[in-house]
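# Report on the structure
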Amino acid sequence: MKYDYLVVGSGLYGAIFAHEAKVHGKTVLVVDKRPNIAGNIYTENIEGINVHKYGAHIFHTNDKKVWKYITQFAEFNRFTNSPVANYKGELYSLPFNMYTFNKMWGVVTPEEAVAKIEEQRSEITGEPKNLEEQAISLVGRDIYEKLIKGYTEKQWGRDCKELPAFIIKRLPVRLTFDNNYFNALYQGIPVGGYTKMIERLLEDIEVRLDTDYLEQKAELDALADKVVYTGPIDAYFDYKLGTLEYRSVRFENELLDKPNFQGNAAVNYTDRETPWTRIIEHKWFEFGKDENGNDLPKTIISREYSSEWKPGDEPYYPVNDEKNGALYAAYRKLADAEEKVIFGGRLGEYKYYDMDQVIAAVLEKCENVFGL
Ligand code: FAD
């Protein structure tokens, strides 16, 4: 059988492309090297809890078209991301808002909060020389010391005084009692998990798992007229120009025989001493209930650690610096010359994409290819 399209990768990009190809009367084969579909939004149901295996994923968008599209394949719950910061046992609301300022300084009105922030910001005069000075010049020392310093140093593995100021351009401050982190028009988690949503996209499409395209490229290429490749762009070209770098995260998962560990989906540990940056308690993405609405007796937590990425590790966040930007541009040139292949998604385009941005990008590609 010769297919119109071979789609490499069953993540959000690949699954939507495959779905649209099928809708437009094309034949499609999807391959993925992992033993499961859904790429990095894969959720696995363990003890009734949908565990976000590759990191917590919260869907949020202001794009009506994207929302309309994706809600055909899943019903979304009303989850709103409201993370909490834990600084040596003191809990603060995030993002910085009136609850945070009240806890930090006992201030009650927005005027009092502004006055306090202004007083502390004035510590820095002149151009900030490093990330520490930049953060203090934006929100003052107390917020910097308790909520920014330790977390940032763990993320970057370096002292804030040694990090450049430009890493932080803005630090949003809300003078309202509003813990809604994303503040997006549409937000939520697909009921039943992301994997189910991808299953629906891939309904009636042939999928071969545990199949590494690059290991069997010639045979698989022979099966299709065109290829949609959503794996790492440098791997496609056998790293011949060099290896693109990523920032990595390590997850340590634990099943606990108790119903509630931290009472919230995400708690950021903002001190320097705690080795992890965050703990995710997965059940709270779905309000602690199983699919029948029953309270779940156990809980699963994931401690997240920032870690140095080495070739061969799971690629997470592309590194936005000059060196990697130039290397990607060189690979992009090679990719543009591959007439049979479309490179897409976070790895194919070496780009940090939120889920809604991936959906917008693949729908635009489909419009070009299929004339939606
Ligand atoms: P992927 O999901 O990575 O899919 C690529 C697929 O290709 C994988 O299944 C892989 O196995 C397969 N593949 C690769 N190479 C080969 C090969 N040689 N042969 C066969 N198959 C191959 N977005 C949000 O909107 N909200 C969030 O809260 C959020 N949280 C995130 C947290 C983390 C830690 C990270 C890293 C990202 C987060 N994102 C979030 C972004 C989100 O993960 C991406 O937008 C989305 O997963 C991208 O989908 P994709 O299809 O491009 O890539």
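Here the structure is a predicted model, which means the values were calculated and not measured.

## Focus on the overall build of the protein chain
Within the protein chain, the regular secondary structure consists of 12 helices and 16 strands. The globule rule puts the C-alpha radius of gyration for 372 residues at 21 Å, and the 23 Å found for the protein chain is close to it. For the protein chain, the proportion of its 372 residues judged to be buried stands at 52%. Counting contacts in the protein chain only where the partners sit at least 6 residues apart, residues at least 24 apart contribute 72% of the total. Put simply, the protein chain shows about 18100 Å² of open surface, and 48% of that area lies on carbon and sulfur atoms. Of the side chains in the protein chain, 47 bear a positive and 59 a negative charge, and the two mean positions are spaced by 1 Å.

## Quick look at helix α3 (residues 98-105)
Those residues of α3 that sit buried are Met98, Thr100, Phe101, Met104 and Trp105. Along the long axis of α3, the arc covered by the buried residues comes to 155°, so they all point the same way. Residues of α3 that are buried sit in contact with β7 (90-93), α4 (110-121) and α6 (141-156). Measuring from the side-chain oxygen of the N-cap residue of α3 to the backbone nitrogen of Tyr99 gives 2.8 Å; that N-cap residue is Asn97.

## A look at the domain arrangement of the protein chain
One can read the domain layout of the protein chain as domain 1 (3-78 + 188-242 + 317-370) and domain 2 (110-167). Summarising the inter-unit geometry, the C-alpha centres of domain 1 and domain 2 are found 38 Å apart.

## Quick look at the sheet that holds strand β11 (residues 246-256)
Strand order across the open sheet formed by seven strands is β7-β6-β12-β13-β14-β11-β15, with mixed pairing between neighbours. Of all strands in the sheet, those bounded by a partner on one side alone are β7 and β15 (317-318). For strand β6 (residues 84-87) and strand β12 (residues 266-269), the ladder comprises three bridges, and the chain directions are parallel. Within the sheet, the bridge partner assigned to Val84 lies in β12 and is Val267.

## Structural notes on the site of the ligand
Around the ligand, 32 residues are found, and the nearest of them are Asp32, His57, Arg346, Tyr353 and Met355. Measuring from an oxygen atom of the ligand, one finds a backbone N or O atom of Tyr353 at 2.6 Å. For the ligand, whose accessible area on its own is 1000 Å², the fraction buried by protein is 96%. Here the shell around the ligand is built from residues that sort into 17 nonpolar, nine polar and six charged.

## As for the packing of aromatic side chains
Enumeration over the complete set of coordinates arrives at 27 aromatic pairs. Here Tyr5 and Phe370 contribute two aromatic rings whose centre-to-centre distance is 5.8 Å and whose plane-to-plane angle is 80°, an arrangement assigned as edge-to-face. Of this pair, Tyr5 sits in strand β1 (residues 3-8) while Phe370 sits in helix α12 (residues 355-370), and the two are 365 residues apart along the sequence. Each member of the pair, Tyr5 as well as Phe370, carries the same accessibility label: buried. Centroid distance Phe79 to Phe285: 5.1 Å. Interplanar angle 65°. Geometry classified as edge-to-face. A residue pair is termed long-range when its members are at least 10 positions apart, and Phe79 in the loop between α2 (64-70) and β6 and Phe285 in the loop between β13 (278-281) and β14 (299-307) qualify at 206 residues. The buried category is assigned to Phe79, whose relative accessible area is 6%. Since its relative accessible area comes to 1%, Phe285 is described here as buried. Among the aromatic residues, those joined into a cluster by ring pairs are Tyr213, Tyr229, Tyr236, Phe237, Tyr331 and Phe343. Sitting over the ring of Trp156, Arg247 keeps its end group 5.3 Å from the ring centre.

## Brief notes about the UniProt feature "domain: UDP-galactopyranose mutase C-terminal" (unreviewed entry) in the protein chain
According to UniProt, the positions carrying the feature "domain: UDP-galactopyranose mutase C-terminal" (unreviewed entry) are residues 146-352. Overall, residues 146-352 shows 23% helix and 22% strand. The separation of its end C-alpha atoms is 28 Å.

Cut-offs and rules
- Residues numbered from 1 in each chain as written.
- Predicted model: local features only at pLDDT ≥ 70, side-chain atom pairs only at ≥ 80, totals over all residues.
- Heavy atoms only, no water.
- Helix = DSSP H or I, 4+ residues; strand = E, 2+ residues; numbered from the N terminus.
- Rg over C-alpha atoms; globule rule 2.2 N^0.38 Å.
- Buried < 20%, exposed > 50% of the residue type's maximum accessible area, 1.4 Å probe, protein only.
- Contact = heavy atoms within 4.5 Å.
- Areas by Shrake-Rupley, 256 points an atom, 1.4 Å probe, with all protein chains shown as cover.
- Lys, Arg positive; Asp, Glu negative; His and termini not counted.
- Charge placed at Lys NZ, Arg CZ, Asp CG, Glu CD.
- Arc of directions from axis to C-beta.
- Polar contact = N/O pair within 3.5 Å; in protein donor to acceptor, adjacent residues only side chain to side chain.
- Domains from an automatic or database assignment.
- Pairing = 2+ DSSP bridges.
- Near = heavy atom within 4 Å.
- Nonpolar A, V, L, I, M, F, W, Y, C, P; charged D, E, K, R; others polar.
- Phe/Tyr/Trp six-rings, centres within 6.5 Å; stacked < 30°, edge-to-face > 60°.
- Lys NZ or Arg CZ within 6 Å of the ring centre and 35° of its normal.
- UniProt positions renumbered as here; feature names shortened; annotations may be inferred.

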